[in-house]
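For reference, the chains in residue letters:
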Amino acid sequence: MATRALIFDRDGVLTYFELVEAAAFFRPLLPISIWEMAREWQAFGEEQGFPTSVDHERSFFADFWDRERVRHNLSPAQYEALLTLDYTRFVRAFPDSQPALRHARQAGYRIGVLSNFSLASLDASLHAAGLADDIDTACAATVIGASKPARPAYEQIAAALGVEPEACLFFDDEPLCVEGARAAGMCAYLVDRHRQESDLAGNVIHSLAMLPALLTPR
């Protein structure tokens, strides 16, 4: 079946978090490192349940920062700064992401994002990274109720794009998620940005700049 849609993971494929800037932001606000804060955030989400909508996400963050305020005896100013934080300010697109998406769009492909991101604001993060205009639909695991590498996650993004899984070309930086896509019927590539060059025969690319080489003319 001819490829009609391209599906990308977000983190590690299209975007990354600017950790140096994030760490500098949190340093005067919390007496713990950004990594310790992330662990506390993950534990809170596992305990409370990660948000399944943008509205739920707002209350989720408010409850988390309130817990941090009590746990770490934060000042009112520190607490207020955390309450007003928009994490998407730290989301950055890799330099090759937008050109690859634009090429695919101009070639006539449908474009989707499938992420195991544990927040509901996947669309907002793609807007912040400057990529949203070239993406038709984005599915976050917490919203659709299915996560990679489970088959339903791939089936849902394909359905949202209006195509069969067999008509999708999938890109992820996690081998298990790539395997899950193949099991669902998709052609899938591992994106390994640590490599110096791609192995197209082995379905591994080191950059999204390789995308034009993978696509046949429409």
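**Focus on unusual backbone geometry**
Look at the link from Lys148 to Pro149: it is a cis peptide, with omega at 10 degrees. Structurally, Pro149 can be placed in the loop between helix H7 (141–144) and helix H8 (151–161).

**As for the layout of surface pockets**
Taken as a whole, the largest pocket holds about 670 Å³ of empty space. Along its surface, the largest pocket is lined by 21 residues, and Phe17, Leu19, Met37, Ala38 and Trp41 are the ones closest to its centre. Mapped onto the lining of the largest pocket, the elements with two or more residues apiece are helix H1 (19–26), helix H2 (34–48) and helix H3 (54–72). Element by element, the count of residues in the lining of the largest pocket is highest for H2, at six residues. Class assignment for the residues of the lining of the largest pocket results in 16 nonpolar, three polar and two charged.

**Focus on the environment of Gln106**
Among the structural elements, Gln106 can be located in helix H5 (residues 97–106). Each C-alpha atom of the pair Gln106 and Asp134 lies 9.6 Å from the other, and the pair is 28 residues apart in sequence.

**Overview of the state of the cysteines**
Overall, the coordinates contain zero disulfides when judged by the stated rule. In this structure Cys139 is a free cysteine whose sulfur lies 11 Å from that of Cys168, the closest cysteine sulfur available.

**So, the pairing of strand E6 (residues 168–172)**
The element E6 is extensively covered by neighbouring structure, given that five of its five residues are classed as buried. Of the two faces of E6, the one holding Cys168, Phe170 and Asp172 and the one holding Leu169 and Phe171 are both buried throughout. Note that strand E1 (residues 5–8) and E6 share four bridges and pair parallel. Directly across from Phe8, in E6, lies its bridge partner Phe171.

**Section: the pairing of E1**
Two faces belong to every sheet, and in a regular strand the side chains alternate between them. Of the two faces of E1, the one lined by Ala5 and Ile7 and the one lined by Leu6 and Phe8 are each fully buried. Here E1 pairs with strand E4 (residues 110–115) via four bridges, running parallel. Across the sheet, residue Phe8 finds its bridge partner in E4, namely Val113.

Scoring rules and cut-offs
- Residues numbered from 1 in each chain as written.
- Predicted model: local features only at pLDDT ≥ 70, side-chain atom pairs only at ≥ 80, totals over all residues.
- Heavy atoms only, no water.
- Helix = DSSP H or I, 4+ residues; strand = E, 2+ residues; numbered from the N terminus.
- 1 Å grid on protein atoms, 1.4 Å probe; cavity = no way out; pocket = protein on both sides within 12 Å on 5 of 7 lines; lining within 4 Å.
- Points joined across faces, edges and corners; volume = space filled by probe spheres on them.
- Nonpolar A, V, L, I, M, F, W, Y, C, P; charged D, E, K, R; others polar.
- Disulfide = S-S within 2.5 Å.
- Buried < 20%, exposed > 50% of the residue type's maximum accessible area, 1.4 Å probe, protein only.
- Pairing = 2+ DSSP bridges.

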